[in-house]
Amino acid sequence: MYVIELADEVIERNKFLKENPHYDNAKRMACFYVGSTRHTVRCRYNQHVQFGDPDMEGFDCACFSEPTFRYFRGRHPKGKTRGNRFVGQYHKYLRGRMFKHENPFETKEAAEQREEALAQELRAKGYGVWQN
Ligand SMILES: [Zn+2]
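Bear in mind that the values here come from a model prediction, so they are computed numbers and not experimental data.

1. Description of the pairing of strand 2 (residues 31-35)
So, step 1. With five of its five residues buried, strand 2 lies for the most part within the structure.
So, step 2. With five bridges connecting them, strand 1 (residues 2-6) and strand 2 associate as antiparallel partners. Note on strand 2: the bridge partner recorded for Y2 is G35.
So, step 3. Summarising the sheet, strand 2 and strand 6 (residues 128-131) pair through four bridges and their orientation is parallel. Counted as the bridge partner of Y33 is W130 from strand 6.

2. What to know about the sheet that holds strand 5 (residues 91-94)
So, step 1. Ordered in space as 5-1-2-6, the four strands form an open sheet in which the pairing is mixed. The open sheet has two edge strands with one neighbour each: strand 5 and strand 6. Put simply, the sheet's adjacent strands are angled 30° from each other on average, direction ignored.
So, step 2. Summarising the sheet, strand 1 and strand 5 pair through three bridges and their orientation is antiparallel. What sits directly across from L6, in strand 5, is H91.
So, step 3. Its contacts with the sheet put helix 2 (residues 41-51) on strand 1 and strand 5, and the angle it makes with strand 5 is roughly 175°.

3. Description of the environment of E106
So, step 1. Structurally, E106 is set in the loop between strand 5 and helix 4 (108-124).
So, step 2. Classification of E106 by C-beta neighbours within 10 Å gives exposed; the count is 7.
So, step 3. With 42 residues separating them in the primary sequence, E106 and F64 have C-alpha atoms 17 Å apart.

4. A short note on helix 2
So, step 1. For helix 2, the complete set of buried residues consists of R44, Q47, H48 and F51. The buried residues of helix 2 occupy an angular sector of 95° when the element is viewed end-on, so they sit on one face.
So, step 2. Among the structural elements, strand 1, strand 3 (58-61), helix 3 (85-90) and strand 5 are those in contact with the buried residues of helix 2.

5. Observations regarding the nonpolar core
So, step 1. In this structure, I4, L6, F32, Y33, V34, F86 and V129 are the most contacted members of the largest nonpolar core, which totals 22 residues.
So, step 2. When neighbours within four sequence positions are excluded, V34 is seen to be in contact with V3, E115, L118, A119, V129 and Q131.

6. With respect to helix 4
Because each turn of an α-helix spans 3.6 residues, side chains separated by three or four positions end up pointing in the same direction.
So, step 1. Compared with the 24 Å implied by 1.5 Å per residue over 17 residues, the 24 Å span of helix 4 between its first and last C-alpha is a close match.
So, step 2. Every buried residue of helix 4 is listed here: A111, E115, L118, A119 and L122. The buried residues of helix 4 occupy an angular sector of 105° when projected down its axis, which confines them to one face. Turned more than 90 degrees away from the buried face of helix 4 sit E109, A117, Q120, E121 and A124, all of them exposed.
So, step 3. Residues of helix 4 that are buried in the fold lie against strand 2 and strand 6.

Reading the values: the criteria
- Residues numbered from 1 in each chain as written.
- Predicted model: local features only at pLDDT ≥ 70, side-chain atom pairs only at ≥ 80, totals over all residues.
- Buried ≥ 20, exposed ≤ 12 C-beta atoms within 10 Å, placed from the backbone.
- Helix = DSSP H or I, 4+ residues; strand = E, 2+ residues; numbered from the N terminus.
- Pairing = 2+ DSSP bridges.
- Axes fitted to C-alpha atoms, helices over the stretch in contact; angles between N-to-C directions.
- Contact = placed C-beta atoms within 7 Å.
- Arc of directions from axis to C-beta.
- Core = buried A, V, L, I, M, F, W, Y, C linked by C-beta atoms within 7 Å.
- Expected span 1.5 Å × (residues − 1).

Printed below as a string of structure tokens:
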């Protein structure tokens, strides 16, 4: 599981705001993306950032084997979608202290459950959150 802080202007995007109907614009608390991955958190972050850059065709990954170049969908027929548009456009940095101590999770399901719970906790505290 990982948390990326986003520039708070992301709240001005309708889809993001719709997921955060109780966000208080006067307080302008931080906005986050919460996700989970089989990759290292750093690799996953690079995927998001590089996916947000239309000039990048893919990213280097050495998480599971020898270093491999993996293509993005739309930039290669066999590529995969590896980014979220809000992260691609508004990413600031990984917020390690918010998640590092909880990794790794036993299963994908456990990570996804925790991801959802953390998103709810953060929203309850007034933060803006995207999670899917
Ligand atoms: Zn990787």
